[in-house]
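Residue-level listing of the chains:
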Amino acid sequence: MVTLDEVQTREARHVLQTYRRAPVTFVRGQGVRLYDLDGREYLDLLSGIGVASLGHAHPALARAIADQAGTLLHTSNLFYHPLQGQLAERLANLSGLPRAFFCNSGTEAVEACLKFARRYWFTKGERRIEIIALEESFHGRTFGSLSVTSDEHYRTPFEPLLSGVRFVPVNEPAALIAAVSSSTAAIIAEPIQGEGGIRPLTPAFASSINEACAKTGALLIADEVQSGLGRTGYPFYFAALGLKPHLVAVGKALGSGVPVGAALISDEVAQAISFGDHGSTYGGNLLACRAALCFLDLLVGGGLLAHVGRVGRSFEQRLRQLASKHPMVKQVRGAGLMWGLELTRDAAPVVPAALAEGVIVNRTAENVVRLLPPLVITQDEADEALGRLDAALHVVGAGA
Ligand SMILES: Cc1ncc(COP(=O)(O)O)c(C=O)c1O
């Protein structure tokens, strides 16, 4: 069997060095458990950054993928196949947005939303190009998505980005209202900011977004790539906030590990789109649709959504207990199974300390420990995993 050292040496030579990886090589998974090269077990509270919604090696998903691979994987969007319409219909029923455009990742879903917003105003004969985005936002790494992402570290080396983007502070209704005008094509917002440190929009801020859209005609793009599809205990967190988006970007959880993204589109916007306006070779192929249909079967019919609600409530209680025990935990934020622990210090040392205790977490926004466990996590597994995180926080606290 290969060793960690061999894996690292080969990657260091041949893989473009854009990721700083933790020194662990996973070779197998089962439910919420991952196993490394030495057979060591870890509880996964990250699910590959919110992707492995059904956990690892889920039998129904594995069967669906294998069956589809043995039948037909891909034919392109030049032809029909039976699954894309079924998936679009299911997503329409969940979101209230009647149409879907399929792609392969979150950033592509955001790109599609941005292009469709532009196209909407072009079709109306109004040259609106201004986009209002939020500070602390993250929407992806391609040029359009990067243009509405606020972090200077991600942006600066690639400028100039799209023109006409303005950032406003999060959860400041007056600033938002003042920024949106009859020149605004769209507002883009994550209902819970993910990379920005698990920051839910407040109901007052959500109302101000609705008010600004109603007053100016600006479209609303909800980026639910991280917060959508059951992660928060709701099908979409925009609905929990009472937001009324015209476009919704989804990805991550939808394929539970098979790359699939989608832009969900209102009738009003869909009517502005013509044949040939946008496309993707792989988007919505049979494999992606089969995986996504399997996930949605379990989410809705299989009771996973209700499960997230139940486990999420006790997960939150356990996190609040942790916060009361560890003075370095300043705030607990999130919903369902999407949580951030804001620390009074840099959260980076928590990640290796947690790995040493056998639990996988992630740091975001410098001082936030981010938790995005598989949606299938049970109460007992959550208790065990948070027990290990508790131990890791002790180690980090003692070393401070
Ligand atoms: C809210 C949000 N939008 C978009 C993206 C980009 O998704 P992807 O990495 O699949 O392109 C992410 C990824 O973390 C995200 O959290």
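Every value quoted in this text rests on a predicted model; they were computed, and no experiment measured them. (Residues numbered from 1 in each chain as written. Predicted model: local features only at pLDDT ≥ 70, side-chain atom pairs only at ≥ 80, totals over all residues. Heavy atoms only, no water.)

Asks: Requested: an account of the pairing of strand S3 (residues 41–44), with residues and values cited.
Replies: As judged from the 3 bridges shared by strand S2 (residues 33–36) and S3, these two strands associate in the antiparallel manner. Across the sheet, the residue bridging to Leu34 is Tyr42, located in S3. Hairpin connection of S2 to S3: 4 residues between the antiparallel strands, including Gly39 at a positive phi of 80°. Sheet analysis places S3 next to strand S15 (residues 359–360), joined by 2 bridges and oriented parallel. Within S15, the residue paired with Asp44 across the bridge is Ile360. (Pairing = 2+ DSSP bridges. Helix = DSSP H or I, 4+ residues; strand = E, 2+ residues; numbered from the N terminus.)

Asks: Could you give an account of the site of the ligand, naming the residues involved and the relevant values?
Replies: In the vicinity of the ligand, the contacting residues are Ser105, Gly106, Thr107, Phe138, His139, Gly140, Glu190, Glu195, Asp223, Val225, Gln226 and Lys252. Thr107 has a polar backbone atom sitting 2.8 Å from an oxygen atom of the ligand. Lys252 places a polar side-chain atom, nitrogen or oxygen, 3.1 Å from an oxygen atom of the ligand. Relative to its free-state accessible area of 390 Å², the ligand is covered by the protein chains to the extent of 81%. (Near = heavy atom within 4 Å. Polar contact = N/O pair within 3.5 Å; in protein donor to acceptor, adjacent residues only side chain to side chain. Areas by Shrake-Rupley, 256 points an atom, 1.4 Å probe, with all protein chains shown as cover.)

Asks: An account of the layout of surface pockets is needed here, citing residue identities and associated values.
Replies: Roughly 940 Å³ of volume is contained in the second largest pocket. Lining the second largest pocket are 26 residues, and of these Gln84, Arg99, Ala100, Phe101 and Phe275 lie nearest its centre. Partitioning the lining of the second largest pocket into residue classes produces 13 nonpolar, 11 polar and 2 charged. (1 Å grid on protein atoms, 1.4 Å probe; cavity = no way out; pocket = protein on both sides within 12 Å on 5 of 7 lines; lining within 4 Å. Points joined across faces, edges and corners; volume = space filled by probe spheres on them. Nonpolar A, V, L, I, M, F, W, Y, C, P; charged D, E, K, R; others polar.)

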